[in-house]
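Inside the fold
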Amino acid sequence: MIALAEGCFISQIAEIEKAAFSDAWSEKSLESALSEETGIFLAEVDGGEVRGYIIGSCDGFSGYIERIAVNAAHRKKGIGKQLLSAFEKAPPETAESISLEVRASNSPAIGLYGSFGFERAGVRRNMYSSPKEDGIVMIKKVIK
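Below: a short report on this structure. What you are looking at is a predicted structure, and each value in this text was computed from that prediction instead of being measured. (Residues numbered from 1 in each chain as written. Predicted model: local features only at pLDDT ≥ 70, side-chain atom pairs only at ≥ 80, totals over all residues. Heavy atoms only, no water.)

As a further point, take the environment of Glu88. Summarising the element assignment, Glu88 is placed in helix H3 (residues 79-89). In this structure the C-alpha to C-alpha distance between Glu88 and Gly63, which are 25 residues apart in sequence, comes to 8.6 Å. (Helix = DSSP H or I, 4+ residues; strand = E, 2+ residues; numbered from the N terminus.)

Written out as structure tokens, the structure is:
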């Protein structure tokens, strides 16, 4: 079930974060994201186990996805799709677009975002470190 993330899940989310990203956010950073006024922090939870999460924000006009990750044991089960779908419904009616960046080498993620209507909008040279890599900027117009 996709729901707003709660503080009690931060340690599980931090473990998924460490496994998924070379620049993993700390528990403190995750707690800060959870408390952001414009933040959107959703988790897929089953029986008390966090299987995936998505973190973003919306200023009222532009949504932005900062993080999305699925526990390795639960990948290829449609959880990423469920999280993206729930995120698309979270911004207010005034939102016009959602954007994100993704590592240029992350073909599965680029394919997933493309299947949701995200289009390549640019490249951010050397955006990522560990390893150093370009980021692909992707944007989707919101239709409500």
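Counting 25 residues, the largest nonpolar core has Ile54, Ile65, Leu84, Val102, Tyr113, Phe118 and Met138 as its most contacted members. Listing elements by their share of this core, those giving two or more residues are strand S2 (39-46), strand S3 (49-58), strand S4 (62-70), H3, strand S5 (97-103), helix H4 (107-115) and strand S7 (133-141). Looking at which element gives the most residues to this core, the answer is H3, with five residues. Sequence-distant contacts of Ile54, defined by excluding residues within four places in its chain, comprise Ile40, Phe41, Leu42, Ile65, Arg67, Ile68, Leu83, Leu84 and Phe87. Counting 15 residues, the second largest nonpolar core, distinct from the first, contains Ile10, Leu30, Val45 and Val50. (Core = buried A, V, L, I, M, F, W, Y, C linked by side-chain atoms within 4.5 Å. Buried < 20%, exposed > 50% of the residue type's maximum accessible area, 1.4 Å probe, protein only. Contact = heavy atoms within 4.5 Å.)

Following the criterion strictly, the structure yields nine salt bridges and no others. In this structure, Arg124 engages Glu101 in a salt bridge whose closest nitrogen and oxygen atoms are separated by 2.3 Å. With Arg124 in strand S6 (residues 119-128) and Glu101 in strand S5, this residue pair connects regions lying 23 residues apart in the sequence. Under the relative-accessibility criterion, Glu101 is labelled buried at 13%. (Salt bridge = Lys/Arg side-chain N within 4 Å of Asp/Glu carboxyl O.)

Burial runs high along S3: nine of the ten residues are buried. Bridging between S2 and S3 involves eight bridges; their strand directions are antiparallel. Bridged to Gly39 within S3 is Ser57. In this structure, the hairpin formed by S2 and S3 is closed by a connection of two residues, where Gly47 is found at a positive phi of approximately 60°. In the sheet, S3 pairs with S4 via seven bridges, with the strands oriented antiparallel. By the bridge assignment for S4, Cys58 is matched with Gly63. Connecting S3 to the antiparallel partner S4 that follows it, the hairpin turn spans three residues, and Gly60 within it adopts a positive phi of roughly 110°. (Pairing = 2+ DSSP bridges.)

Contact pair helix H1 (residues 10-20) / helix H2 (residues 27-35): the axes reach a minimum separation of 9 Å and the direction vectors enclose 120°. Once H1 is placed against H2, the crossing between them reads as right-handed. Here H1 contributes Ile10, Ser11, Ile13 and Ala14 to the contact with H2, which in turn contributes Glu27, Leu30, Glu31 and Leu34. For the contact of H1 with H2, the class distribution of residues is five nonpolar, one polar and two charged. (Axes fitted to C-alpha atoms, helices over the stretch in contact; angles between N-to-C directions. Left-handed = near helix turned anticlockwise from the far one by under 90°. Nonpolar A, V, L, I, M, F, W, Y, C, P; charged D, E, K, R; others polar.)

By the element assignment, Gly135 lies in strand S7. By relative accessible area, Gly135 is classed as buried at 0%. Note: C-alpha distance between Gly135 and Arg124 (eleven residues apart in sequence) is 5.0 Å. Not counting chain neighbours up to four residues away, the residues in contact with Gly135 comprise Val102, Gly122, Val123, Arg124, Met127 and Tyr128.

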